[in-house]
Amino acid sequence: MLRATPDGEHSARAATTITALLARRAVKRAADDEAEQHLQESCVKLLMRHQNTSELLLEITSHRKIRSISCDGYEGLEHNTGIQTSVLEDELRRRSEQMGVPVGLLSARVLLENIEDLITQTDTNTEHVLLNIKQRSDVCALLKSAQALVSAGIFSPELLWQEYWKLQPVLEVIYHLHTHNILTLDFMLERDAAASAWITDQLKALCAAMKTTPDDHQIQHQILSTVVCVLVRRAFEDSGHKLSQTCCWILDSMISWLLDSLSVKGTETSAAGFWVQVFDVSVFGGCVTEDTLQRFFTHTLMRVLTYQPIFKVSDVIAAQSEWSFAKTLPLLTALFSKVCLVFSVECVLSQMQQILETHEVNWRHVLSCLSHLLIYHSQTQRCLTDLLSRLLRSAFDRYDVEKMITLFLLSRQASLEGPAVFPSYSDWFKLSFGGSSGYHAKSKKSTVFLLKFLSDLVPYEPPQYLKVHVMHPPYIGGKYRSLLQEYVTLAKTRLRDLKVSLEETGIFEVVNGSAGVVECPAQQDVEKAVTLFLTTSKIPATVIEASIFRRLYFLSRFLPALLSPRVLPVKSDARMMFIEALRKADKIPGSLYTSYTESCQRETYRQKEGVCESSEDDHLLVLQEQFLHLRRMMTDGATDGDVCAQLSRISLTLRNQRAGEETGSDVITLNRDSPDSAHAAVTSLILQSFCLCLLDASRVKPPNRQGSWPSVFVKVLLAHRWLVSALIHRLWDLLQYQGSALSAAHVLGLAALQVELHYCRLVCPPLQLMGSSAGALSVSECLSDALICSTRSHMALCLRFCVAVLSYGLCRASAQSEELHNFIPGRLYKKAQYVMSRLVPETRAHLSDEDESDLHTDAPDLTGRVEESAVALWRNAQIRSLKKQPQYQLSFSEWLSSELRVQRSRDALTDLERQEYEQWACEQYYLHMSEHDGGCGGDVTRICARIITAVLDRHTASRTGGSSHELTDGCLPDLLSILQALLYEVAVTQQNASDETGHFLWDVIDSRCSVTPDPDSIGHELSYQRTLDDVSRVLSLVPPGMLLTVRIDRTGRRTLDCHRMMKHISHVQRRACGPAALLSFQLTAHFLKAVVSGSVSCDCPAEAVNVCLSLFNTECPLLPLSAARWWTRLAAAVSSQWKRLTGLDALPEQLQMLEDSHSWSRRAGAGCVSPVPSAPSWLLAACLHASLRRSDCETENVRRLVRQLHQTDRPVLLFLFVSSVTELISAHLSQQAAGCLERVRDLSVCLLTHLLDDSDWLLLFDQSGSAFSRVWVLRF
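Per an unreviewed UniProt entry, the recorded name for the protein is Fanconi anemia group A protein, and the organism is Cyprinus carpio carpio.

Dropping the structure here:
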């Protein structure tokens, strides 16, 4: 008890202490909270007594600064910004009450003060429109705080604009105010009329601003895009909007500023060029509707075409030749490219016509726009032709001079761009006014109207147009010819004033509006006239007209150029025939012709004497310079007329180089083994220059917009026959032997040359391959044969070349608006079908017409993978449509010939890939293709026949251009495997076919083996032996049952028909037996299996075998003799087959006879005496000879056997002697071992010794038809 009391007290005291401590801690915590709150209040009071509101705003915003180029990525305020904004609100309200100023005004002033301080502290330039990175970051942070003040209702955007407008606004600050939705551009434009001028100035300054960093470039585009979107939306979305006129005025001011800058050199690519980017559709990014955008572009187009119409019509007529597309400022071209993009060509021309009819226009801009359309849009020619027709009709309906002016200016502008995009001015003028059905010829008023119009133009007309009007005058009726004569007189007077002679104008000169002078017009006229004469065999009508109406030019210019002295070829060329035609037509004066012939004789003498004024090296240097100038013209985008003029100069240089070699041969002979190296330097230069010109031209324009210069280039080359031969030899050498060294540029250039050669095939001499029995071909078709597909590298080149030819041909056909077959050689198209389907499996579905997608696929981009380009080509409907034409169909026989030339060891495909490809081609593609298209029409026997024919013809194909590799390393095993599978399919289904179906195999083989080779020709004999070897190889693959036919006789019984097989063995296989005069083991076994297999289908198999083999014994003993030779190896297989098919152990009588004969021969060879079986003597002799060959019989046993046979069976001995002599001859020919040769010789001597005193051996020479002689003849 005593101790318990203190313990209880202690516990109570401890509890009291803990409670007190806890109470004191709570009191302390409460006191601390009160102290903290009091401290905060004291701090706030202290701050409010000494607070600068602007610094407070900066202090608050400093916690949320964003270091980026814009405020778009701002992620929101931090968690503690609510307290800071609250402090700022309280301070602004307190100061507002203290100063008696509205809190909205105060907050706006505070914001502006901070913005001005931020800008002026870091930048002293007061004329800038962009902020730097630090300024941009600080301003964005301030505007975030301003957004919070706006949300709190203590910030007034209206007051902000009033205060800011008093200062000098910065466009980027306005942009940020707009994007933060604090102060929009719409509001600014509405509140202040002067804002429109200010925005215009700011936009110009923005375009001219120097961009030092990518961030500046990006924010510049963002500002421009945002401002323009607002202006376009307000100007054209709703024409009734109060800001519509204002925004439209701003945009018009900017386009005026842009067009003004075009006249200032150097500015068109800097500030104004930046504003052109406004017309990118991507700038508007969906913020403007499509209708609004079209109204904006329509307004812009009208503004451009009508801006400052300072040119008078007379000025336009005189200066128009300087306004072609090539001479248009790049900035103006870029502007038209962007503005016209949203419209169709018809729409642009319609707007242009409407503007021309209702406004004064800037003709330079109008005509430049037209040139742009012609160059960039291929359909412009058709649309413009329709527009000109409407203008022509309307002009004469109302006698409207304005429309006539428009008509002539537009047509002349179009002709400036060359014949590739629009006909020449002379052609258009003749088409419009040269016929009696023209609008001008309908009445006197119309005629007078046209002539008066042309007369009014005379003082201002450039000479090239006056010459067209004089040389090709409009058609005028007889009553009004005097009016035309007045105009012609006026025009000629004007030409004399301009010191331009009409006589210097060529009769074939094409006027396209350019002011250039044509060099050597007479020489060009001669070349053109000769070409036309070669094509039509008639004197061109233009030449006849010139000889009458332009007689002075014809006599003084044309004839001297035509009759220039040269070495005349032995055979008359086109030029000589043209001269002769003119002489017979009395167009060449006699004295001039006599002088020509004498000059040619002197030239021939000078050539023989070696007198030459120029060397080949000099000509080569001149050619190099001329081709270099041609490349520069391509790079500069020269017109077709200028290019043709340069090509004419090149042609003249080539003519001067080999003037005496223009033989004009009708056929060019190509020697594949001996390339023409006499002109290697010239040909290499020409080919290299053509490739480089094509690449340079393609950098300026794609192939489908390059005009016709490649065709002109090729025609220039074809005019020089000596050069054509050298070029063809060089091309053949490059394609066949140097393909792996050709770069992509070379392949593309040579492919383009191949296309152009095919396009000009009518003026190109045919080509004959030396050593080939085939007829002459066109150059393009013959060069296609230079592409071989035997190895991986050859196939790769062929694929690249074919893709390039098809792609370029597709472009050229599109550019010329002609049929594709005019540009694609048939043989090359077949090569493309073969190599593309082989190397690019994706094309096989398109070749089979299993995929009809993308019928109008454009020409592929050759910069990508060749395989992808090949697939794109076969998806094109035009490319696939060529297969419908017979000359472009790759037949199954041609496919087989190509496949047999492939070297398996160097094939691009693996064994498995090749097997899959060949199965697809045979079983999926050609099997189901109609015969008309080169296939087999679903007939398996026909496809088997084609394969067999190709196998037998492969030696002939190798002699015509292949190599020896395909004979030993070809794809023959693969095709034979497919043939075997197909033949087994035929064998399975043959029982449902007619009796004649089974003979297709013998028909094919006999047709190939029916020709007897020339015994005097070793080559023919060897070739025939190779064919026989292939026949044997094919027969070994044929299912045995197919070699015989089961027929039904008169009694209704099924019997075997073996006549075709006997005929083949007797007439074909007998020639392939060699000295041994026996069939090979493989063929012998195959033929016997055929007899056994076929017998199963008969009513009595054993009888069928006996009848068939009995027939062979009498009509074709070669098979039984061969069976006797190989029976030791055949017996087991034949017996097993018979038992398996019939279930009988006993062999048929004829087969059992073979077995018995061999058993007897083995015993006889061993010296055992046994009865001779009942069998033909020649069969017993053959079995005995086979046994003697296999066994090493002692000499005494052989002699005993010979004596026994001499006494009992002399015919057997006689036939044994024949077999022994045959073996002896074979041993000598095959140079067998001495031991074997001695054995055979000893046996022959032994047999002959016993037969010397017997006249039976003379039966060898019996021709009376005895059994022995019949067997002898049928065997040998």
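Caption draft 1: Layout of the overall build of the protein. Helix and strand content of the protein: 58 helices and four strands. Buried residues in the protein amount to 49% of all 1276 residues. For the protein, contacts bridging at least 24 residues in sequence account for 75% of all contacts bridging at least 6.

Caption draft 2: Fine view of the pairing of strand β4 (residues 1054-1057). Where strand β3 (residues 1045-1048) and β4 come together, four bridges link them in antiparallel fashion. Among the inter-strand pairings, Thr 1045 is bridged to a residue of β4, identified as Asp 1057. Connecting β3 to the next strand, β4, in antiparallel fashion are five residues, including Gly 1052 with a positive phi near 90°.

Caption draft 3: View of the pattern of salt bridges. Throughout the structure, instances matching the rule amount to 33 salt bridges. Notably, a salt bridge pairs Arg 904 with Asp 974, separated by 3.2 Å at the nearest N-O pair. Separated by 70 residues along the polypeptide, Arg 904 in the loop between α42 (892-900) and α43 (911-926) and Asp 974 in helix α46 (residues 972-989) bring together distant segments of the chain. Asp 974 gets classed as buried once you look at its relative accessible area, which sits at 14%. The structure contains a network of salt bridges with shared partners spanning Arg 838, Glu 899, Arg 904, Asp 907, Asp 911, Arg 914 and Asp 974.

Caption draft 4: How the structure looks around helix α23 (residues 463-471). Of all nine residues that make up α23, seven are buried, and the element is covered over most of its length. Within α23 the residues assigned to the buried category are Gln 464, Tyr 465, Leu 466, Lys 467, Val 468, His 469 and Val 470. As for α23, its buried residues are in contact with α20 (401-416), α21 (425-433), α22 (444-457) and α24 (481-497).

Caption draft 5: Spotlight on the packing of α21 against α23. Where α21 contacts α23, the axes come no closer than 10 Å and their chain directions differ by 40°. In terms of orientation, α21 lies oblique with respect to α23. Judged by the twist between their axes, the crossing of α21 over α23 is right-handed. Mapping the contact onto sequence places Tyr 425, Ser 426 and Phe 429 in α21 and Tyr 465, Val 468 and His 469 in α23. Tallied by class, the residues present in the contact of α21 with α23 amount to four nonpolar, two polar and no charged.

Caption draft 6: Inspection of the environment of Val 866 at higher detail. Here Val 866 lies in helix α40 (residues 866-874). For the pair Val 866 and Arg 800, spaced 66 residues apart in sequence, the C-alpha to C-alpha distance is 6.5 Å. In this structure, Val 866 is in contact with Leu 799, Arg 800 and Val 803, ignoring residues within four places of it in sequence.

Caption draft 7: Inspection of the environment of Ser 780 at higher detail. Within the element layout of this structure, Ser 780 appears in helix α36 (residues 779-784). Distance from Ser 780 to Cys 760, taken between C-alpha atoms, is 9.4 Å for residues 20 residues apart in sequence. When near neighbours in sequence (up to four residues on either side) are disregarded, Ser 780 contacts Gln 754, Leu 757, His 758 and Pro 825. A distance of 2.9 Å separates polar atoms of two side chains, one belonging to Ser 780 and the other to His 758.

Caption draft 8: Representation of the packing of aromatic side chains within the structure. Within this structure, the stated rule accounts for 37 aromatic pairs. Ring geometry for Tyr 399 and Phe 449: centres 5.5 Å apart, planes at 75°, overall edge-to-face. Here Tyr 399, found in the loop between α19 (380-398) and α20, pairs with Phe 449, found in helix α22; they are 50 residues apart in sequence, far enough to count as distant. With a relative accessible area of 11%, Phe 449 lands in the buried category.

Caption draft 9: Here's a closer look at the packing of helix α38 (residues 826-839) against α42. Close contact between α38 and α42 brings their axes to 11 Å; oriented N to C, the two are set at 60°. By the criterion of interaxial angle, the relationship of α38 to α42 is oblique. The two elements α38 and α42 meet at a crossing, and its hand is right-handed. Two secondary-structure elements touch here, α38 through Lys 830, Tyr 834 and Arg 838 and α42 through Glu 894, Trp 895, Ser 898 and Glu 899. Considering only residue class, the contact of α38 with α42 consists of two nonpolar, one polar and four charged.

Caption draft 10: Inspection of unusual backbone geometry at higher detail. For Tyr 399, which is not a glycine, the phi torsion comes out positive at approximately 50°. Accessibility expressed as a relative area gives 27% for Tyr 399, which makes it partly exposed. Here Asp 586, not a glycine, exhibits a phi torsion of approximately 60°, which is positive. Looking at Asp 586, the relative accessible area reads 68%, which means it is exposed.

Caption draft 11: Structural view of the side chain of His 365. Residue placement: His 365 occurs in helix α18 (residues 363-376). Apart from residues lying up to four places away in sequence, His 365 is in contact with Leu 259, Val 304, Leu 305, Leu 332 and Phe 336.

Caption draft 12: Quick peek at the nonpolar core. Met 836, Trp 895 and Met 1061 are the most contacted members of the largest nonpolar core, which has 194 residues in total. Per element, the largest residue contribution to this core is 13 residues, and it comes from helix α37 (residues 792-816). Residue contacts for Met 836: discarding those within four places in its chain leaves Leu 799, Cys 802, Val 803, Leu 806, Thr 843, Ala 870, Leu 873 and Trp 874. Counting 143 residues, the second-largest nonpolar core is a separate cluster that includes Tyr 164, Leu 189, Leu 203 and Val 278.

Caption draft 13: Examining the confidence of the model for the protein more closely. Looking at the protein, pLDDT values average 78 and 77% of them are 70 or higher. Here residues 610-615 is modelled with pLDDT under 50, and outside its nearest four sequence neighbours on either side it reaches three contacts, counting other chains as well. Taken as a whole, residues 958-966 scores under 50 in pLDDT and shows 15 contacts with residues more than four places along the chain or in a different chain.

Caption draft 14: Region of the structure containing the side chain of Glu 899. Mapped onto the elements, Glu 899 comes out in helix α42. With relative accessibility at 0%, the residue Glu 899 sits in the buried group. At 2.7 Å, the side chain of Glu 899 and the side chain of Tyr 834 are in polar contact. Leaving out residues up to four positions away in the same chain, Glu 899 has contacts with Tyr 834, Arg 838, Arg 914, Tyr 917, Glu 918, Cys 971 and Leu 975.

The rules we used
- Residues numbered from 1 in each chain as written.
- Predicted model: local features only at pLDDT ≥ 70, side-chain atom pairs only at ≥ 80, totals over all residues.
- Heavy atoms only, no water.
- Helix = DSSP H or I, 4+ residues; strand = E, 2+ residues; numbered from the N terminus.
- Buried < 20%, exposed > 50% of the residue type's maximum accessible area, 1.4 Å probe, protein only.
- Contact = heavy atoms within 4.5 Å.
- Pairing = 2+ DSSP bridges.
- Salt bridge = Lys/Arg side-chain N within 4 Å of Asp/Glu carboxyl O.
- Axes fitted to C-alpha atoms, helices over the stretch in contact; angles between N-to-C directions.
- Parallel < 35°, antiparallel > 145°, perpendicular 65-115°, else oblique.
- Left-handed = near helix turned anticlockwise from the far one by under 90°.
- Nonpolar A, V, L, I, M, F, W, Y, C, P; charged D, E, K, R; others polar.
- Polar contact = N/O pair within 3.5 Å; in protein donor to acceptor, adjacent residues only side chain to side chain.
- Phe/Tyr/Trp six-rings, centres within 6.5 Å; stacked < 30°, edge-to-face > 60°.
- Core = buried A, V, L, I, M, F, W, Y, C linked by side-chain atoms within 4.5 Å.
- pLDDT = per-residue confidence, 0-100.

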